[in-house]
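So the chains spell out like this:
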Amino acid sequence: MSNLANPYTGPIGVFDSGYGGLTILNNIRRSLPDYDFYYLGDNARTPYGSRSFEVVYEFTLQAVRKLFELGCPLVILGCNTASAKALRTIQQKDLPYLDPTRRVLGVIRPTAECIGALTESRHIGVLATAGTIKSDSYPLEVHKLFPDIQVTGVPCPMWVPLVENNEFNSEGADYFVKKYIHTLLEKDPLIDTIILGCTHYPLLYDKIRQFTPSHIHLVAQGEYVANSLTDYLKRHPEIDSRCSKHGRTGFFTTESTEKFRESASIFLKDEIDVKNIILE
């Protein structure tokens, strides 16, 4: 795979600790089919959800640096844990020194922005990894925009392994899907909207819908992140003009390329070319 970047323009980078960010990439590519993308998965060190803030920040910063080296003018952290634990520090502390003309965006704020129009009860739930729940990032972002909305979160530690082991449609998944939804609605029975706060969870969507009362909205992030990015590029032509547009996507992994191709096939329907990369 040839480098898509030149000194003036480059692909949009999408980073995730594993494979879940591919659900974000899929939605973004549908919205922006002419743009080029690099997807970087830190698959050798996944999952991030149970790691400390310091480690997630260090790993995420390494990935951002690498995507900048590859020519990306804009990087999307297609990972809730990285967005929760590292985005703000990178934006405020590191970006001015790395390159103040480039941008790093996350997936939490675009998701929070849509909530006000969806909830009538003003009670919402968040199902996510332990790291994202512990960070309180969703309550913080939602309350900035909608101070009246009550946010209740529940960690779902078994959902990512179910997806990555291709068990998300199995009968064995039913127990863990029902368990976390029941826990959430027991904590707040007034919830009428649930954010699926992990990019793996869209693959569990049908199961989650099956065990969630029909009046409750389920918010999968990809569509909202894609819409938000499209709007962002319209509002920031100085960034948009630096994004190369040949309709191509390159893939990088810190794990074996064979393993990445095999696991990525759960999320992607097409054959991909992937290269190994080292983060340090």
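Here is what the cut-offs are and how they apply
Residues numbered from 1 in each chain as written. Predicted model: local features only at pLDDT ≥ 70, side-chain atom pairs only at ≥ 80, totals over all residues. Heavy atoms only, no water. Helix = DSSP H or I, 4+ residues; strand = E, 2+ residues; numbered from the N terminus. Rg over C-alpha atoms; globule rule 2.2 N^0.38 Å. Contact = heavy atoms within 4.5 Å. Areas by Shrake-Rupley, 256 points an atom, 1.4 Å probe, with all protein chains shown as cover. Lys, Arg positive; Asp, Glu negative; His and termini not counted. Charge placed at Lys NZ, Arg CZ, Asp CG, Glu CD. Pairing = 2+ DSSP bridges. Axes fitted to C-alpha atoms, helices over the stretch in contact; angles between N-to-C directions. Buried < 20%, exposed > 50% of the residue type's maximum accessible area, 1.4 Å probe, protein only. Salt bridge = Lys/Arg side-chain N within 4 Å of Asp/Glu carboxyl O. Expected span 1.5 Å × (residues − 1). Core = buried A, V, L, I, M, F, W, Y, C linked by side-chain atoms within 4.5 Å.

### What about the overall build of the chain?
1) Next: Along the backbone of the chain there are 13 helices and ten strands.
2) Next: Here the C-alpha atoms of the chain give a radius of gyration of 18 Å, agreeing with the 19 Å that 2.2 N^0.38 yields for 280 residues.
3) Next: Principal axes of the C-alpha set define a box for the chain whose edges measure 55 × 40 × 35 Å.
4) Next: Across the chain, the fraction of contacts at a sequence separation of at least 24, relative to all contacts at a separation of at least 6, is 79%.
5) Next: Accessible surface for the chain amounts to roughly 12400 Å². Of this, 50% is attributable to carbon and sulfur atoms.
6) Next: Between the centroid of the 29 positive side chains of the chain and the centroid of its 33 negative side chains there is a distance of 3 Å.

### With respect to the sheet that holds strand β6 (residues 150-155)
1) Next: Strand order in the open sheet formed by four strands is β6-β5-β7-β8, with parallel pairing between adjacent strands. Every other strand in the sheet has two partners, leaving β6 and β8 (217-220) as the edge strands with one partner each. Sheet twist, expressed as the mean angle between neighbouring strand axes with direction ignored, is 20 degrees.
2) Next: In the sheet, strand β7 (residues 193-197) pairs with β8 via four bridges, with the strands oriented parallel. When the bridges of β8 are listed, Leu-196 appears paired with Ala-220.
3) Next: Against the sheet, helix α11 (residues 221-235) touches β7 and β8, its axis set at about 55 degrees to β8.

### Considering the pairing of strand β5 (residues 123-128)
1) Next: Among the six residues in β5, six count as buried, and that is most of the element.
2) Next: Of the two faces of β5, both are covered, the one formed by His-123, Gly-125 and Leu-127 as well as the one formed by Ile-124, Val-126 and Ala-128.
3) Next: When β5 meets β7, the two strands line up parallel, connected through five bridges. Pairing of Leu-127 across the sheet is with Leu-196, part of β7.

### Notes on the pattern of salt bridges
Pairing between side chains of opposite charge can happen when their charged atoms approach one another.
1) Next: For the coordinates displayed, the defined rule picks out eleven salt bridges.
2) Next: For Asp-174, the salt bridge is made with Lys-207, and the minimal N-O distance between the two is 2.4 Å. Placement of the pair is Asp-174 in helix α9 (residues 171-187) and Lys-207 in helix α10 (residues 205-210), with a sequence separation of 33 residues.

### Remarks on helix α2 (residues 53-69)
1) Next: Look at α2: 24 Å from first C-alpha to last across 17 residues, which is about the 24 Å you get at 1.5 Å a residue.
2) Next: If you check which residues of α2 are buried, you get Val-56, Tyr-57, Phe-59, Thr-60, Leu-61, Gln-62, Ala-63, Val-64, Leu-67 and Phe-68.
3) Next: Contacts from the buried residues of α2 go to β1 (12-16), β2 (37-41), β3 (74-77), α3 (80-85), α4 (87-98) and β4 (103-105).
4) Next: Within two residues after α2, Gly-71 carries a phi angle of roughly 100 degrees, on the positive side.

### Here's the deal with the nonpolar core
1) Next: Ranked by size, the top nonpolar core spans 54 residues in total, and within it Leu-22, Leu-127, Trp-159, Leu-233 and Phe-251 carry the most contacts.
2) Next: Counting residues per element, this core draws most heavily on α9, at six residues.

### Overview of the sheet that holds β4
The pairing of strands in a sheet happens through backbone hydrogen bonds and is either parallel or antiparallel.
1) Next: Here we have six strands laid out as an open sheet, ordered β4-β3-β1-β2-β9-β10, and parallel in their pairing. In this open sheet, the two strands that pair with only one neighbour each are β4 and β10 (274-276). With strand direction ignored, the average angle separating the axes of adjacent strands in the sheet is 20 degrees.
2) Next: Summarising the sheet, β1 and β2 pair through five bridges and their orientation is parallel. Within β2, the position partnered with Val-14 by the bridge is Tyr-39.

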